[in-house]
Amino acid sequence: MAAGSVTGPVPRRGSLDDIRAKSTPAEDRERLTRHSRTVHAAVAQIEDRIQSAGILATEPAFWSRVRRAALLHDAGKIAEGFQRQVEPGGTPWGERHEVLSLAYVDLLAGAGAWSDEDRVMVATLVATHHRPLHAASTGGGKPALALQYNQKTAWEEAFGTTAGATPDQAVVQVPRFLHRELLGWLSGFLTVDPPKTALGVPSLAQRSRDLLEVLLDIWRHPAKPHQGLLAVLAQGALTLADHSGSAHESLQAHMPLLPGYLARLPYEPYPHQKQAAGTGGHLVLAAPTGSGKTEAGLAWAAGQLRTMPGLPRVVWTLPYRASLNAIRRRLADDLVPAPGEKKADIGLLHGTVAQTLLTEALDDDCAAGTPHAEPTASQARKACAQAGAMRLFTQRLRVGHAPPAPERRHRRTVVLLRPARTGQLTVHSGRAACLRARDLRPAVGGNAPVGTAR
């Protein structure tokens, strides 16, 4: 296929090994092939953790679609404009690499004989892993792709051959030899024969345009709830995998809370703790201060974990931020560390900090600084944000803040929730449990056991 006329100066990249996905680390910027492999592998970790919980059980192709999108999401970074952007002292390209990636989705979908549903969903995930297709009705957020790419777009100028100040300065965005090498690498990874390329068939720019137009049309209309929820969950899985790969932070498999928690207590468990350990599903526990509600909650969670698929998580919420560090230290000291560690690794989830980290981590890739210079402040902030954001997800047991309810009558209550068919248990302690206790019975048809200790 035509990846652009080979005119202008000699290409600056000698092989696929010279194609970079990131502007960091400065001494050896991350290669596109490595980043693609890393994100693809991260999807497997997420799948191991979640498996087919909830609505995912209704869509057998869910994880295969996310894996394909993980491999292809950054294929458009092969463009010379993007490569110049991530060089030391580079300047922004001005085009969206994920839009060019759609051309490779289209090519590989044909080579692999994907269904229409697979092609559309993989393309949707690739196109939206940085920006939305359409502008939100509420405004705000990043500019939508539909605002940048429309009937006024000069597609061949953007993704084919970009004009320079003089004819001999024209830039071929994807030289044919690099295109063939990338296509062969992707095909091998997907275990399909590379699609045949020939002159006269649609160019990369045309394929990108045509597939983006399909997506814009499909998602212009309200989605069915089932379809929309699957798309959002798949997008979340790809985003998590992408940032896990970028931050080089793996999701933890170790659960510090092991089965038989009560048996390891240094005293004979109280009756309400034993009752909590033997209760399946939701539980409301009302007990005096100092009676062992924390141990009862942990015993309940340990019992639930044995019957849940995948690698479920436990989230413990408290009403006051000052309490978070105390419970985190307590759990780190009392629970079982991973092999080779001295203490259990307990995550800390704080709403304001989490929002800041996630916002900064989702920033687009930016150009590098001056040659041989130290990383810029914005690059350092993004790297720290990516690592910090991944810490919000990596641990399987976390403590977090839930705003206190205005009432005080439930301050000795612990609400233990196991939502149907999900991979997360939630323990609401103290006044954070107030509204949950009040609303729990209608939510489950009045079947939540209530244990009371005097």
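Read on for an overview of the structure.

Rules of the game
Residues numbered from 1 in each chain as written. Predicted model: local features only at pLDDT ≥ 70, side-chain atom pairs only at ≥ 80, totals over all residues. Heavy atoms only, no water. Helix = DSSP H or I, 4+ residues; strand = E, 2+ residues; numbered from the N terminus. Contact = heavy atoms within 4.5 Å. Areas by Shrake-Rupley, 256 points an atom, 1.4 Å probe, with all protein chains shown as cover. Axes fitted to C-alpha atoms, helices over the stretch in contact; angles between N-to-C directions. Parallel < 35°, antiparallel > 145°, perpendicular 65-115°, else oblique. Left-handed = near helix turned anticlockwise from the far one by under 90°. Nonpolar A, V, L, I, M, F, W, Y, C, P; charged D, E, K, R; others polar. Salt bridge = Lys/Arg side-chain N within 4 Å of Asp/Glu carboxyl O. Buried < 20%, exposed > 50% of the residue type's maximum accessible area, 1.4 Å probe, protein only. Phe/Tyr/Trp six-rings, centres within 6.5 Å; stacked < 30°, edge-to-face > 60°.

1. Focus on the overall build of the protein
When its secondary structure is counted, the protein shows 16 helices and nine strands. Within the protein, contacts between residues at least 6 apart in sequence are counted, and of these 75% link residues at least 24 apart. Accessible area of the protein: about 21,300 Å², with a carbon and sulfur share of 55%.

2. Thoughts on the packing of helix α4 (residues 97-111) against helix α8 (residues 176-189)
Running from N to C, α4 and α8 point in directions that differ by 55 degrees, and their axes come no closer than 11 Å. One finds that α4 runs oblique with respect to α8. The two elements α4 and α8 meet at a crossing, and its hand is right-handed. The residues of α8 that touch α4, namely those facing Tyr 104, Leu 107 and Leu 108, are His 179, Leu 182, Leu 183, Leu 186 and Ser 187. Split by residue class, the contact of α4 with α8 holds six nonpolar, two polar and no charged.

3. Focus on the pattern of salt bridges
Per the counting criterion, the structure on display carries 20 salt bridges. Salt-bridge contacts for Asp 74 lead to Lys 77; the nearest nitrogen and oxygen are separated by 3.1 Å. By relative accessible area, Asp 74 is classed as buried at 1%. Among the ionic pairs, Lys 343 bridges to Asp 333, the shortest N-O distance being 3.1 Å. In this pair, Lys 343 is assigned in the loop between α13 (322-334) and β5 (347-349) and Asp 333 in helix α13, connecting sequence segments ten residues apart. Counted as one network, the salt bridges with shared partners bring together Arg 13, Glu 80, Arg 84 and Glu 87.

4. Quick look at the packing of helix α5 (residues 116-127) against helix α10 (residues 225-247)
Remark: α5 packs on α10, axes separated minimally by 10 Å, with the N-to-C direction vectors making an angle of 50 degrees. Taken together, α5 and α10 sit at an angle that is classed as oblique. Once α5 is placed against α10, the crossing between them reads as right-handed. Facing Met 121, Leu 125 and Val 126 of α5, the residues of α10 in contact are Ala 231, Ala 234, Gln 235 and Leu 238. For the contact of α5 with α10, the per-class residue count stands at six nonpolar, one polar and no charged.

5. Structural notes on the packing of aromatic side chains
In the structure shown here, the tally under the stated rule is seven aromatic pairs. Measuring from centroid to centroid gives 5.0 Å for Phe 62 and Trp 63, while their planes differ by 85 degrees, and the two rings are edge-to-face. Assigned by exposure class, Phe 62 and Trp 63 land together as buried. Taking 5.9 Å as the distance between ring centres and 75 degrees as the angle between the ring planes, the aromatic pair formed by Trp 93 and Phe 159 counts as edge-to-face. With a gap of 66 residues between them, Trp 93 in the loop between α3 (80-85) and α4 and Phe 159 in helix α7 (residues 155-159) connect regions that are remote in the sequence. When sorted by exposure, Trp 93 lands in the same class as Phe 159, which is buried.

As far as function goes, none of this settles anything; it's purely spatial.
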